[in-house]
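Remarks on the overall topology
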Amino acid sequence: MSSKTMAMQLEITELGNPVLRREAEHVEDIGDPEIQDLIDDMILTAEAASGVGIAAPQVSKSLRIFIMAGTSSPRYPDAPKTETKVIINPEIVSVSEEVEKGFEGCLSIPGIRALVPRHKLVRTVYRDRDNNTVEETFSDFAARVFQHEYDHINGLVFLDRVESSVEIITEKEYMKLAAQHDSEKQE
Ligand code: NI
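Criteria and cut-off values
- Residues numbered from 1 in each chain as written.
- Predicted model: local features only at pLDDT ≥ 70, side-chain atom pairs only at ≥ 80, totals over all residues.
- Heavy atoms only, no water.
- Helix = DSSP H or I, 4+ residues; strand = E, 2+ residues; numbered from the N terminus.
- Rg over C-alpha atoms; globule rule 2.2 N^0.38 Å.
- Buried < 20%, exposed > 50% of the residue type's maximum accessible area, 1.4 Å probe, protein only.
- Contact = heavy atoms within 4.5 Å.
- Areas by Shrake-Rupley, 256 points an atom, 1.4 Å probe, with all protein chains shown as cover.
- Lys, Arg positive; Asp, Glu negative; His and termini not counted.
- Charge placed at Lys NZ, Arg CZ, Asp CG, Glu CD.
- Donors = N, O, S within 2.8 Å, 3.2 Å for Na, K, Ca; no water.
- Polar contact = N/O pair within 3.5 Å; in protein donor to acceptor, adjacent residues only side chain to side chain.
- Salt bridge = Lys/Arg side-chain N within 4 Å of Asp/Glu carboxyl O.

Looking now at the overall build of the protein. The helix and strand tally for the protein stands at 3 helices and 8 strands. The order of α-helices and β-strands along the protein, N terminus first, is α-β-β-β-β-β-β-β-α-β-α. What you see for the protein is a C-alpha radius of gyration of 16 Å, in line with the 16 Å of a compact globule of 187 residues. C-alpha extents for the protein along the principal axes are approximately 50 × 35 × 35 Å. Split into buried and exposed, the 187 residues of the protein put 45% on the buried side. Residue pairs at least 24 apart in sequence account for 69% of intrachain contacts in the protein once pairs closer than 6 positions are excluded. Per element, the accessible surface of the protein, about 9,900 Å² overall, is 50% carbon and sulfur. With 20 positive and 34 negative side-chain charges, the protein shows a separation of 3 Å between the mean positions of the two kinds.

Attention now goes to the coordination of the nickel ion. Protein ligation of the nickel ion involves C106 (SG), H148 (NE2) and H152 (NE2), the donor distances falling in the range 2.1 to 2.3 Å. In the primary structure, the donors to the nickel ion are separated according to the pattern C-x41-H-x3-H. Here H148 lies in helix α2 (residues 140-152) and C106 lies in the loop between β4 (99-104) and β5 (112-119), a separation of 42 residues in the sequence. Of the two residues, C106 and H148, both sit in the buried class.

As for its placement among the helices and strands, E136 is situated in strand β7 (residues 133-139). Overall, E136 belongs to the buried group, its relative accessible area being 19%. Within the structure, E136 has its side chain in polar contact with the side chain of K85 (distance 3.0 Å). Polar contacts involving the side chain of E136 include one to the side chain of Y126, which spans 2.6 Å. Sequence-distant contacts of E136, defined by excluding residues within four places in its chain, comprise K85, V122, R123, T124 and Y126.

So, about the environment of I54. The residue I54 is located in strand β1 (residues 53-55) in this model. Sequence-wise, I54 and R161 are 107 residues apart; in three dimensions their C-alpha atoms are separated by 18 Å. Among residues more than four places away in sequence, those in contact with I54 are I12, M42, T45, A46, V59, F66, I67, L107 and E149.

Right, let's get into the side chain of R64. Assignment of secondary structure puts R64 in the loop between β1 and β2 (65-68). Buried charge without a salt bridge: R64, with E23 as the nearest opposite-charge side chain at an N-O distance of 4.0 Å. Engagement of the side chain of R64 in a polar contact is seen with the side chain of N154, the distance being 2.9 Å. Excluding residues that lie within four positions of it along the chain, R64 makes contacts with E23, A24, E25, H26, V27, I87, I88, N89, P90, I153 and N154.

By themselves these figures say nothing about function.
Here it is in structure tokens:
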């Protein structure tokens, strides 16, 4: 965490930028101050954009790093509040057979949401920013975020996983659906 400089907001790459389609590189030296600064900048950038996650290729760095942001986000009204996690050099060890469809969006694809099938459970192993090996199982929304970000470091975006173009909608229509869903829950 010993960054000499203040974290700064980075420009987010959008669909069409080749960096989003590249397989990102393994991080060799997690303690490198440049890597630590990048992590701080990514956390700030995700928070500023109300994202629930951000991957290094989304800030033009082709590295196997992503953030799962902990703040509750107005972009995802139904998302549970969790702590921010820094995920480096991750592997998916195994997945549940059970798959669930849920709406996703992406900071690199503004204005669009789509129903994406994801495994309900993923067993993972990764390094944290202190270079500890972490074994963690994610479920439901967190599993969805993990799989979405993991795709980013392999050059994939959520639209690649959509089963039918009918399941792609605008953010405006998504917000209407989410509001409807909320009022149904209160009744
Ligand atoms: Ni994304």
